[in-house]
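So the chains spell out like this:
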Amino acid sequence: MTRIKHIYVESITFYLALAFFSIPHLIDDFLFDIPAEFGISVHFSQFLAGIFILIYLGILIPLARGKRGGVIGSISMGIFLALAGILKHIPLIIQPGPYWSGWFSEGLIFGMILSGTGLAVAGFIALKK
């Protein structure tokens, strides 16, 4: 396996880890009425969740094929979800009192931030090669 292929494997691993944290977090958002904070109906939120899954898979396929567009898409997704976790959820987590469902919800956020950041770094390394 060449060096570039190994870096793509790292990107794919981080991308799958990001899915492991971000998709359950999406369900967590629904449970705690986050879409309502933005004035979005439940039905439209479900539609957007479906679009998110399609976009996620649409990035995974070219990434798995070693395409540059897949790497760029995965970097974008990693940065977007890591920033969303940092800007939206970290301020809530550091406030006194429990955060949503406690340690599990917090673990999803931290996992999303770490895997998104790792994905971005691995992707940038892959693009440099």
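Look up: the structure comes first, before these words.
Along each chain, numbering runs from 1 in the same order as the chain's sequence is written. Residues qualify for local features only when their pLDDT is at least 70, as the model is predicted, and side-chain atom pairs are given and counted only at 80 or more; totals for whole chains, interfaces and linings, by contrast, use all residues. In computing side-chain properties, one takes all heavy atoms of the structure into account and sets aside hydrogens as well as water.

Q: I'm lost on the packing of helix H3 (residues 42–64) against helix H4 (residues 68–93) in this one. Help?
A: In a packed pair of helices, the relevant descriptors are the angle between the two axes and the axis-to-axis distance. Remark: H3 packs on H4, axes separated minimally by 7 Å, with the N-to-C direction vectors making an angle of 140°. In terms of axis orientation, H3 runs oblique to H4. Viewed along their axes, H3 and H4 form a crossing whose handedness is left-handed. Packed against H3, whose contacting residues are Phe52, Ile55, Tyr56, Ile59, Pro62 and Leu63, the element H4 presents Gly70, Val71, Gly73, Ser74, Met77 and Leu81 at the interface. Class assignment for the residues of the contact of H3 with H4 results in nine nonpolar, three polar and no charged. Note on geometry: axes are C-alpha line fits, over the in-contact stretch for helices, and angles between N-to-C directions span 0 to 180 degrees. In this text, helices come from DSSP runs of H or I with a minimum length of four residues, and strands from runs of E with a minimum of two, each type numbered from the N-terminal end. Our angle categories are set so that under 35 degrees counts as roughly parallel, over 145 as roughly antiparallel, 65 to 115 as roughly perpendicular, and the remainder as oblique. Crossing chirality is assigned from the near helix's rotation relative to the far helix, an anticlockwise turn below a right angle marking it left-handed and a clockwise turn marking it right-handed. Whether two residues are in contact is decided by their heavy atoms: any pair within 4.5 Å suffices. Following the grouping adopted for this structure description, the nonpolar residues are Ala, Val, Leu, Ile, Met, Phe, Trp, Tyr, Cys and Pro, the charged ones are Asp, Glu, Lys and Arg, and the polar ones are all others, Gly among them.

Q: Which parts of the structure should I look at to understand the side chain of Asp28?
A: Mapped onto the elements, Asp28 comes out in helix H1 (residues 3–31). In this view, Asp28 contacts Trp100, Ser101, Ser105 and Leu108; residues no more than four positions away in its chain are not counted.

Q: How should I be thinking about the nonpolar core in this particular structure?
A: A general feature of soluble globular proteins is that nonpolar side chains tend to end up buried together. Membership of the largest hydrophobic core comes to 23 residues, with the highest contact counts inside it found for Tyr15, Leu18, Tyr56, Val71, Met77, Leu81 and Ile109. Every element with two or more residues in this core is listed here: H1, H3, H4 and helix H5 (103–128). Ranked by the residues each element gives to this core, the list is headed by H5, at six residues. The residues touching Tyr15, leaving out its near neighbours within four places in the chain, are Ile55, Tyr56, Ile59, Leu60, Leu63, Ser74, Met77 and Leu119. Residue types Ala, Val, Leu, Ile, Met, Phe, Trp, Tyr and Cys, when buried and joined through side-chain atoms within 4.5 Å, form a set referred to as a nonpolar core. The buried label applies to any residue whose accessible area, calculated with a 1.4 Å probe on protein chains only, is under 20% of its type's maximum; exposed applies above 50%, and partly exposed to all values in between.

Q: Which parts of the structure should I look at to understand the packing of aromatic side chains?
A: For Phe, Tyr and Trp, rings pair up if their centres lie within 6.5 Å, where Trp contributes its six-membered ring, and each pair is then called stacked (planes under 30 degrees apart), edge-to-face (over 60) or tilted (otherwise). Counting across every chain of the model gives seven aromatic pairs. Between Phe20 and Phe21, the aromatic rings sit 5.1 Å apart at their centres with planes inclined by 90°, giving edge-to-face as the arrangement. Plain terms: the ring middles of Phe52 and Tyr56 are 5.6 Å apart, the flat faces sit at 50° to each other, and that makes the pair tilted. Here Phe52 and its partner Tyr56 are both found in helix H3, four residues apart, which amounts to about one turn of the helix. Look at Tyr56 and you get buried, because its relative accessible area is 4%. An aromatic cluster of at least three residues, connected via ring pairs, comprises Tyr15, Phe52 and Tyr56.

Keep in mind these numbers describe shape, not what the thing actually does.
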